[in-house]
Amino acid sequence: MAANSESAAARRQLVLNLFIYPGGHHEAGWRYPGASAERLLDITFYQDLARSAEAAKLDAVFFADGPALVDNIRYASRFRLEPLTWLSAIAAATHHIGLIGTASTTYYEPYNLARLFASLDHLSGGRAGWNIVTTAVPQASGNFGLSETPSHAERYARASEFVDVVTKLWDSWEDEALVVDTASGLFADDTKIHPIEHVGRHYRVKGALNTPRTPQGRPVYVQAGSSDDGRSFAARYAEAIFTAHQTLPSAQAFYADIKRQAASLGRRPEHVKILPGISPYIGSTEVEAQRLYEAFNDLIQPEYSLTQLRQITGTDFTGHDLDARVTPDAFQNAGPRAVASRYQLVLDIVTREKPTLRQLIHRLAGARGHYVSAGTPEKIADEIQTWFEGGAADGFNVMPPWYRGGFDLFASEVVPILRKRGLFRSDYTGKTLREHFGLPRPESLYAQTARASA
């Protein structure tokens with residue numbers, strides 16, 4: 001049995017993405033000596049990062065986004081660069097690495113979004129991925145003429161219809177529709193281009209898309225919600241899921257639940273990649289790595305950290321003793337909060353570890369609730385392997401505390417260990433993001449319908 005398990009593990013390959021977050025994933029990463037804070041609006045900085053990730057043979061780079069300026073820009077690099085514009089520039093500077101960007105179903109229209117991502121997929125030769133979010137931050141609604149943020153249930157109902165519409169638009173050109181036959185003069189077979197004629201609760205979209213079918217058929221669908229609605233949505237649509245877990249058992253439970261739900265919907269579980277975040281603090285010894293982690297925490301601004309804690313939990317700890325213990329009772333009268341799953345994650349930390357307020361904000365400063373690991377390259381590789389082979393992850397979003405040094409250490413010290421253990425590729429074997437992830441290229445829905453009726 002052990003030999004069979006080892007053989008199965010050897011056939012699987014880790015998915016590793018570089019999660020690019022301006023300033024680094026530690027909230028004070030932009031202040032760390034050697035960080036390149038002065039280059040945060042310089043596209044060549046991001047192109048260089050992406051080329052380094054490609055040299056390490058990572059699957060993709062990922063840009064998060066939100067359509068609002070969130071609280072407390074005073075103390076942290078909290079601005080957002082529009083991902084599709086930035087990724088298009090990165091596409092021109094790279095050849096293989098995938099390009100995943102966030103776009104909200106609450107604040108985009110399906111037709112515009114379908115065109116944007118189709119263009120990125122064509123531009124990059126099939127490397128685009130769409131991180132599907134519903135946007136809970138309250139600051140966003142006022143930027144789009146809304147008096148309040150739509151409810152959690154309403155956002156997910158809209159998202160489900162949105163993805164259905166975008167899928168139809170991306171499929172509205174069959175693969176054979178674009179002919180380009182100069183001899184006959186036939187440019188496109190319009191019998192294979194289909195108006196989608198969608199009429200639903202939230203959208204009325206005639207179609208077809210004015211862009212031919214993309215190299216991947218459709219960009220890869222990525223999703224990041226961990227609430228009950230988020231899990232159901234992910235099991236139905238997502239091909240990769242970004243998630244945050246503090247413990248191996250929590251990650252294993254999430255992994256098993258998503259795979260089970262996907263299978264119950266007739267999907268192949270291996271076509272749904274579960275990718276937790278990991279933020280590594282790497283040193284040549286355990287002591288050196290711990291000192292590195294502490295050096296970052298020495299740079300935090302408590303005012304910013306408490307604002308972030310309030311946004312996650314709906315509880316304001318302003319003026320509280322930072323060295324007093326935090327108990328679960330402190331959250332009983334929590335107000336509105338942006339992300340329900342992160343609230344539960346914080347509550348679990350408080351219940352399990354009984355931290356002081358200072359210890360709690362240090363935990364969240366490292367990666368906003370994602371898993372933080374401080375240790376030698378071997379320790380980081382061991383943890384990645386344990387989660388990968390232990391039914392907790394198909395790979396990871398790598399979240400360096402600062403740039404470039406945090407990623408350079410991971411690429412030069414950890415990736416070679418994973419490669420030596422047979423867990424990660426030594427070179428690309430495909431050209432598209434779907435091929436990197438081991439995902440099939442979907443057939444157009446309209447081609448399937450035409451074949452069924454023939």
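In this text, all values refer to a predicted model and were calculated from it rather than measured experimentally. (Residues numbered from 1 in each chain as written. Predicted model: local features only at pLDDT ≥ 70, side-chain atom pairs only at ≥ 80, totals over all residues. Heavy atoms only, no water.)

Provide a residue-level description of the overall build of the chain, including the pertinent values.
Per the secondary structure count, the chain includes 15 helices and 13 strands. For 454 residues, the compact-globule formula gives about 22 Å, and the C-alpha radius of gyration of the chain, at 22 Å, lands near that figure. Expressed along its principal axes, the backbone C-alpha trace of the chain runs to roughly 75 × 55 × 50 Å. Counting all 454 residues of the chain, 55% fall into the buried class. (Helix = DSSP H or I, 4+ residues; strand = E, 2+ residues; numbered from the N terminus. Rg over C-alpha atoms; globule rule 2.2 N^0.38 Å. Buried < 20%, exposed > 50% of the residue type's maximum accessible area, 1.4 Å probe, protein only.)

An account of the packing of helix α9 (residues 302–313) against helix α11 (residues 357–367) is requested, with residue identities and associated values reported.
Here α9 crosses α11 at 80 degrees, and the two axes come no closer than 10 Å. Put simply, α9 runs roughly perpendicular to α11. Residues Ser305, Leu306, Gln308, Leu309 and Ile312 of α9 form the contact with α11, whose own contacting residues are Leu357, Leu360, Ile361, Leu364 and Ala365. Classifying every residue of the contact of α9 with α11 by side-chain character gives 8 nonpolar, 2 polar and no charged. (Axes fitted to C-alpha atoms, helices over the stretch in contact; angles between N-to-C directions. Parallel < 35°, antiparallel > 145°, perpendicular 65-115°, else oblique. Contact = heavy atoms within 4.5 Å. Nonpolar A, V, L, I, M, F, W, Y, C, P; charged D, E, K, R; others polar.)

Can you lay out the environment of Ser226 for me, pointing to particular residues and giving the numbers?
Relative to the helices and strands, Ser226 resides in the loop between β9 (220–223) and α6 (228–237). Each C-alpha atom of the pair Ser226 and Asp42 lies 33 Å from the other, and the pair is 184 residues apart in sequence. Apart from residues lying up to four places away in sequence, Ser226 is in contact with Arg231, Thr243, Phe254 and Ser341.

So what's going on with a nonpolar patch on the surface? Residues and values would help.
On the surface, Leu178, Val180 and Phe187 cluster together to form a nonpolar patch covering roughly 280 Å² of accessible area. By the element assignment, Phe187 lies in strand β6 (residues 186–188). (Patch = residues over 30% accessible without salt bridge, like charges linked within 9 Å, V, L, I, M, F, W, Y side chains within 5 Å. Areas by Shrake-Rupley, 256 points an atom, 1.4 Å probe, with all protein chains shown as cover. Salt bridge = Lys/Arg side-chain N within 4 Å of Asp/Glu carboxyl O.)

Go over the nonpolar core with me, naming the residues and quoting the values.
Ranked by size, the top nonpolar core spans 88 residues in total, and within it Leu58, Trp130, Trp170 and Phe410 carry the most contacts. Considering every element that reaches this core, the biggest residue donor is helix α5 (residues 152–171), with 8 residues. When near neighbours in sequence (up to four residues on either side) are disregarded, Trp130 contacts Gly101, Ala103, Thr105, Leu113, Phe117, Phe162, Val163, Val166, Trp170, Val220, Tyr221 and Val222. One finds Leu292, Phe296, Leu345 and Ala374 within the second-largest nonpolar core, a separate group that totals 31 residues. (Core = buried A, V, L, I, M, F, W, Y, C linked by side-chain atoms within 4.5 Å.)

Outline the pattern of salt bridges, listing residues and values.
Summed over the entire model, instances satisfying the criterion amount to 24 salt bridges. The residue Asp394 makes a salt bridge to Arg12 at a minimum N-O spacing of 2.8 Å. Pair noted here: Asp394 is in the loop between α12 (377–389) and β13 (395–398) and Arg12 is in the loop between α1 (2–11) and β1 (15–20), with a separation of 382 residues, a long-range link. Taking the relative accessible area as the measure of exposure, Arg12 reaches 27% and is therefore partly exposed. Residue Asp427 pairs with Lys57 through a salt bridge whose shortest N-O separation is 3.5 Å. Placement of Asp427 in the loop between α13 (405–420) and α14 (433–437) and of Lys57 in the loop between α2 (43–55) and β2 (60–63) is noted, with a sequence separation of 370 residues between them. A residue is classified by how much of its surface remains accessible, and Asp427, at 44% relative accessible area, is partly exposed. By sharing partners, the salt bridges in this structure join Asp171, Asp175, Arg213, Arg218 and Arg441 into a single network.

Quick one: what's the story with the packing of aromatic side chains, residue by residue and with numbers?
Counting across every chain of the model gives 25 aromatic pairs. Between Tyr46 and Phe63, the ring centres sit 5.8 Å apart and the planes meet at 50 degrees, which makes this aromatic pair tilted. Residue Tyr46 is found in helix α2, and its partner Phe63 is found in strand β2; the two are separated by 17 residues along the sequence. Here Tyr46 and Phe63 have matching classes, each one buried. An angle of 70 degrees between the planes, with centres 5.8 Å apart, marks the rings of Tyr156 and Phe233 as edge-to-face. Remark: Phe233 occurs in helix α6 and Tyr156 occurs in helix α5; sequence separation between them is 77 residues. Comparing Tyr156 with Phe233, the two get one shared label, buried. The ring of Phe388 carries the charged tip of Arg12 above its face, separated from the ring centre by 3.9 Å. Its guanidinium or amino end placed over the ring of Tyr21, Arg368 lies 4.0 Å from that ring's centre, counting from NZ or CZ. (Phe/Tyr/Trp six-rings, centres within 6.5 Å; stacked < 30°, edge-to-face > 60°. Lys NZ or Arg CZ within 6 Å of the ring centre and 35° of its normal.)

Break down helix α4 (residues 110–124) for me, with residues and values.
Counted at 1.5 Å a residue, the expected span for α4 with its 15 residues is 21 Å, and the 21 Å between its end C-alpha atoms agrees. If you check which residues of α4 are buried, you get Pro110, Leu113, Ala114, Phe117, Ala118, Leu120, Asp121 and Ser124. Angularly, the buried residues of α4 cover 160 degrees about the axis, an arc narrow enough to put them on a single face. Residues of α4 that are buried in the fold lie against α3 (83–93), β3 (98–104), β4 (128–133) and α5. Downstream of α4 by one or two residues, Gly125 has phi in the positive range, about 75 degrees. (Expected span 1.5 Å × (residues − 1). Arc of directions from axis to C-beta.)

I'd love a proper account of the side chain of Asp171, names of residues and values included.
Tracing the sequence through the fold places Asp171 in helix α5. By relative accessible area, which is 0% here, Asp171 ends up buried. At 2.9 Å, the side chain of Asp171 and the side chain of Arg218 are in polar contact. (Polar contact = N/O pair within 3.5 Å; in protein donor to acceptor, adjacent residues only side chain to side chain.)

Requested: an account of the pairing of strand β11 (residues 273–282), with residues and values cited.
Here β11 lies mainly inside the structure; 10 of its 10 residues are buried. Bridge count for strand β10 (residues 240–243) against β11 is 4 bridges, and the pairing is parallel. Residue pairing for β11: Phe242 is matched across the bridge by Leu275. Between β10 and its parallel partner β11, the chain crosses via helix α7 (residues 248–264), and the hand of that crossover is right-handed. For β11 and β13, the ladder comprises 2 bridges, and the chain directions are parallel. Of the residues in β13, the one forming a bridge with Ile278 is Val398. Sheet analysis places β11 next to strand β12 (residues 371–375), joined by 5 bridges and oriented parallel. Residue pairing across strands places Tyr281 opposite Ala374, the latter belonging to β12. (Pairing = 2+ DSSP bridges. Right-handed = clockwise from strand over helix to strand, strands pointing away.)

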